[in-house]
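# Chains, contacts and geometry: an overview
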Amino acid sequence: MPNPTKLVTKLMELGLRASLCNWILNFLIHRPQYVQIGRNTSRSLTISTGAPQGCVFSPLLYSLYTHDCVAGHSTNSIVTFANDTTAVGRITDGDESECRSEIDQLTKWCQHNNLALNISKTKELIVDFGSGRMRTHNPVYVNRTMVERVKNFKFLGVHISKDLSWTQRTDAMIRKTHQHLYFLRRLRRFGVLKRILLNFYRCTVQTILTGCIMAWFGNLNVQEQKRLQKVVNTAQSISDLTNIEGIYRSLPQKCRQHHQRPTPSWPSTHFTSAIGKKVQEPENCNVQVHEQLLPYSHQTIKPTTSHKL
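Values in this document were obtained by computation on a predicted structure and should not be read as measured data.

## Notes on the overall build of the chain
- For the chain, the count of helices and strands is 12 helices and 14 strands.
- Residues classed as buried in the chain amount to 39% of the 309 residues present.
- A separation threshold of at least 6 residues defines the contact pool for the chain, and within that pool the share at least 24 residues apart is 64%.

Below, the structure is given as structure tokens:
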């Protein structure tokens, strides 16, 4: 965290004892640091900002430092994962005031907490299922710099497109798994034990095919499911492998219910992200539709922030 003193202030507001806060402050400030390459050593510098890299304590301190980064409007949400932040907002009847206000507030919060926004990695995605002519949306600006508007982006390893289809996600998985299947074939030619081949498959191929499977598999069409199953069939001779659908069905039903295909008759959908993306939520939707949009983990962590539409 850039400002240890500000972190300690937040920790005290959270109810931590002054002695513990002072210990954390002493741990973060006046840290000597130098660089050594072979026999050459640089002169030592005293660092009083940030947290030690590689320290197991640093991620927790950063989460506590950013705990007050929350949405200022009931129709918006802010989803954070480590240092990746996504603002989700709803536009009703073409009114983008709350979405843009949320982005401005998030920008000011970052400035106040000495955090810099990486505008080059900031993307805007608009999902609009409205019937009739396409709506026009003004560009989003962060620190007087226009945010790039994209048709799809990679969010925490998952490809999301503006039509909420998973074709690009499927293509990316197949390309990546075919690379690992090549090495799987080579290992088989070398006479490696089947048990080792199976472990290799599960570690390098199956992990790719099942990554975030709760979020996307239930919305695949039949053709996309068959394409993924072909990858499994290619390695079927190794051992008894579970097909993709079998893995998905083995998940708890409660988890799968939160990731079913959304109703295509939505009039308008829009996600907004200031350090990430922008998505427009349905103008007329109930709590169930809202739960389908947000990740299940986010609903579990913040059950009281559901939109009242």
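## Some words on the side chain of Thr170
- By the secondary structure assignment, Thr170 is in helix α5 (residues 167–189).
- Not counting the four nearest positions on each side in its chain, Thr170 is found in contact with Leu220, Glu224, Arg227 and Leu228.

## As for unusual backbone geometry
- With a phi angle near 55°, Ala82 is a residue other than glycine that sits in the positive phi range.
- With respect to the element layout, Ala82 can be found in the loop between β5 (77–81) and β6 (84–88).
- The exposure class of Ala82 is exposed, given its relative accessible area of 56%.
- A positive phi angle, close to 60°, is found at Asn114, a residue other than glycine.
- For Asn114, the position within the fold is in the loop between α4 (97–112) and β7 (123–125).

## Here we look at the packing of α5 against helix α8 (residues 222–234)
- Relative to each other, α5 and α8 sit at 10°, their axes nearing to 10 Å. As the angle between them shows, α5 and α8 are arranged roughly parallel. From α5, Thr167, Thr170, Asp171, Met173, Ile174, Thr177, Leu181 and Arg185 reach across to α8, where they touch Glu224, Arg227, Leu228, Val231 and Thr234.
- When grouped by side-chain class, the residues that make up the contact of α5 with α8 number 5 nonpolar, 4 polar and 4 charged.

## As for the environment of Asn118
- Position of Asn118 among the secondary structure elements: in the loop between α4 and β7.
- Sequence spacing of Asn118 and Val142 is 24 residues, and the spatial spacing of their C-alpha atoms is 9.8 Å.

## Remarks on the pairing of β6
- When you tally the buried positions in β6, you get 4 out of 5 residues, the bulk of the element.
- With 5 bridges connecting them, β5 and β6 associate as antiparallel partners. Bridging from a neighbouring strand, Phe81 pairs with Asp84 of β6.
- Hairpin geometry of β5 and β6 is characterised by an intervening segment of 2 residues between the two adjacent antiparallel strands and by a positive phi of about 55° at Ala82.

## Some thoughts on the nonpolar core
- Counting residues in each nonpolar core, the largest one holds 20 residues, and the members touching the most others are Leu7, Ile24 and Cys110.
- If you list the elements that add at least two residues to this core, you get α1 (4–13), α2 (18–28), α3 (58–65) and α4.
- It is α4 that provides the largest number of residues to this core, a total of 4 residues.
- Formed by 19 residues, the second largest nonpolar core is a distinct cluster that contains Met173, Leu181, Leu209 and Trp216.

Reading the values: rules and limits
Throughout this description, residue numbers start from 1 for each chain and increase along the sequence as written. Under the rules for a predicted model, residues below a pLDDT of 70 receive no local features and side-chain atom pairs below 80 are neither given nor counted, while totals for whole chains, interfaces and linings still include all residues. Hydrogen atoms and water are omitted, and side-chain values are computed over all heavy atoms in the structure. Secondary structure elements are taken from DSSP: a helix is a run of H or I of four residues or more, a strand is a run of E of two residues or more, and numbering for both begins at the N terminus. Only protein chains enter the area calculation, which uses a 1.4 Å probe; residues under 20% of their type maximum are buried, those over 50% are exposed, and those in between are partly exposed. Contact definition: two residues touch when any of their heavy atoms are within 4.5 Å. Fitted lines through C-alpha atoms give the axes, limited to the stretch in contact for helices. The angle between two N-to-C directions lies from 0 to 180 degrees. Geometric relationships in this document are graded by angle, where less than 35 degrees denotes roughly parallel, more than 145 denotes roughly antiparallel, 65 to 115 denotes roughly perpendicular, and other angles denote oblique. Put simply, Ala, Val, Leu, Ile, Met, Phe, Trp, Tyr, Cys and Pro go in the nonpolar bin, Asp, Glu, Lys and Arg in the charged bin, and everything else, Gly too, in the polar bin. When DSSP locates at least two bridges between a pair of strands, those strands are taken to pair. By convention a nonpolar core is built from buried Ala, Val, Leu, Ile, Met, Phe, Trp, Tyr and Cys residues, the set being connected through side-chain atoms within 4.5 Å.

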